[in-house]
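Take a look at the letters that make up each chain.
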Amino acid sequence: MIHIKSKDEIEVMRKSALMVSATHTEIAKILKPGITTLSIDKLAETFIRDNGGVPSFKGYNGFPFTLCISINDVVVHGFPSAYELKDGDIISVDCGVYMNKFHGDSAYTFAIGDVRPEVLKLLRVTKESVYKGVAQACENNRVGDISFAVEQYTNREHGYGVVRELVGHGIGKQLHEDPQVPNYGKRGDGKKLREGMVLAIEPMINLGTREVHTEKDGWTVRTNDNKPSAHFEHTTWVRKGKGETLSSFVPIEAAERQNTELNSSHYGEPQPTVAVAG
Ligand code: MG
Ligand code: MG
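Here the structure is a predicted model, which is why all the values come from computation and not from measurement.

Enquirer: Just checking my understanding: could you explain the packing of aromatic side chains for this structure?
Expert: For any pair of aromatic rings, geometry is given as the distance between the ring centres together with the angle between the planes. One pass over the full model with this rule turns up nine aromatic pairs. Plain terms: the ring middles of Phe65 and Phe79 are 5.5 Å apart, the flat faces sit at 55 degrees to each other, and that makes the pair tilted. Taken together, the residues Phe65 in the loop between strand S1 (54-55) and strand S2 (67-71) and Phe79 in the loop between strand S3 (74-76) and strand S4 (90-99) connect sequence positions 14 residues apart. By relative accessible area, which is 28% here, Phe79 ends up partly exposed. An angle of 45 degrees between the planes, with centres 4.8 Å apart, marks the rings of Tyr108 and Phe110 as tilted. Taking the relative accessible area as the measure of exposure, Tyr108 reaches 1% and is therefore buried. Taken together through their ring pairs, the aromatic side chains of Tyr108, Phe110, Tyr131, Phe232 and Phe249 make up a single cluster. Over the ring of Tyr153 we find Lys132; its NZ or CZ atom is 4.6 Å from the centre of that ring. Across from the ring centre of Trp237, 4.0 Å away, lies the NZ or CZ of Arg239, which sits over that ring.

Spelled out as structure tokens, the structure:
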């Protein structure tokens, strides 16, 4: 069943979604090689609870952590652990916050230090594809219009693998509500969109094959070819004319830039000129 939200409920949901964005922003400030993904999870849980929220994922279907942290070839649902971030890693951080009886849900993939240009491009295109989907999240369109826009941009224009086993979703009082929002599909297919629906639009895009598998822990989803995967997600309000994101990447991007500048003295240090003998 699809739940239509009132304008008042949308504003409550915006607070939950922006708390997710604020959590991502806190994470963006401290990311660097050497820190463990478990320490990121602890920081997120403390930040969310200090601000009056509850982590949506902790305990959801038995998931044991606040964040899903997925490194490199892990697509989604990775467990925070003692793993220390390395220069050149990418780290997808999926976060949900429950506040005032409504959930917000957003994901962001960060680059750690010096990441290969082809992987940085995967991150850029995946992030852009969220907005291709958001643009289609308007009244009288159908779910398939969102799906088609994401697949068109990531797969047909850029040749990336679009994960099919996992999909976006409606969101509200429940973390996962109807309808499902696949990242592949046909224009004009699926449920009709009405103003007041709220959808989590979340492309999971692979540099190589779209094929993925779930590991023995029952959660961790990894690419079959072990090439990297990116994940970006916005909680999105379906409106007349266009969709509107309730979560925001703007503060995350600002913190990312600051963090890069802060660490650039380390990463970008000019190398001493070495005289070659003979
Ligand atoms: Mg999510
Ligand atoms: Mg989601």
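Picking up where we left off.
Enquirer: Sorry, what's going on with helix H1 (residues 7-30) here?
Expert: In an α-helix, one full turn covers 3.6 residues, which means residues spaced three or four apart are oriented alike. Given a rise of 1.5 Å per residue, 24 residues ought to cover 34 Å, and the 35 Å separating the end C-alpha atoms of H1 matches this to within 8%. Within H1, burial applies to Ile10, Met13, Ser16, Ala17, Met19, Val20, Ser21, Thr23, His24, Thr25, Ile27 and Ala28.

Enquirer: Just checking my understanding: could you explain the side chain of Asn206 for this structure?
Expert: Position of Asn206 relative to the elements: it lies in strand S10 (residues 204-206). Side-chain polar atoms of Asn206 contact the backbone oxygen of Thr209, separated by 3.0 Å. Aside from chain neighbours lying at most four places away, what touches Asn206 is Val75, Leu122, Tyr160, Gly161, Val163, Glu211, Val212, Thr223, Pro228 and Ser229.

Enquirer: What's the story with the sheet that holds strand S13 (residues 229-231) in this structure? I'm lost.
Expert: Two pairing modes exist for strands in a sheet, parallel and antiparallel, and in both the strands are linked by backbone hydrogen bonds. The sheet built from three strands is open, its strands ordered S6-S10-S13 with antiparallel pairing. Because the sheet does not close on itself, it has two edges, and the strands there are strand S6 (161-162) and S13. Judged from the three bridges that link them, S10 and S13 form a sheet pairing that is antiparallel. In the strand pairing of S13, Met204 is matched with His231. Along the sheet, helix H3 (residues 117-135) makes contact with S10 and S13, crossing S13 at roughly 35 degrees.

Calculation criteria
- Every chain's residues receive numbers from 1 upward, in the order its sequence appears when written.
- All chains are assigned letters beginning at A, and all ligands numbers beginning at 1, according to the order in which they are written.
- In view of the model being predicted, local features appear only for residues whose pLDDT reaches at least 70, and side-chain atom pairs are presented and counted only at 80 or more, with totals across whole chains, interfaces and linings using the full set of residues.
- Heavy atoms throughout the structure, all of them, feed into the side-chain values; hydrogens and water do not.
- Pairing of aromatic side chains here covers Phe, Tyr and the six-membered ring of Trp, requires ring centres within 6.5 Å, and sorts the geometry by plane angle: under 30 degrees stacked, over 60 edge-to-face, intermediate tilted.
- Each helix is a run of H or I in the DSSP string that is no shorter than four residues. Each strand is a run of E no shorter than two, and both are numbered from the N terminus.
- Only protein chains enter the area calculation, which uses a 1.4 Å probe; residues under 20% of their type maximum are buried, those over 50% are exposed, and those in between are partly exposed.
- A positively charged side chain is recorded as over a ring if its NZ (Lys) or CZ (Arg) lies within 6 Å of the ring centre. The angle to the ring normal must also be within 35 degrees.
- Here the expected span of a helix is defined as 1.5 Å times the quantity of residues minus one.
- Contacts described as polar in this section are N or O atom pairs within 3.5 Å, which, within protein, must combine one atom able to donate a hydrogen with one able to accept it, while residues neighboring in sequence count only if both atoms come from side chains.
- Residue contacts are defined here by distance: any two heavy atoms, one from each residue, within 4.5 Å place the two residues in contact.
- Between any two strands, pairing holds if DSSP finds at least two bridges.
- Axes, fitted as lines to C-alpha atoms, cover a helix only where it is in contact. Angles between the N-to-C directions of the axes lie from 0 to 180 degrees.

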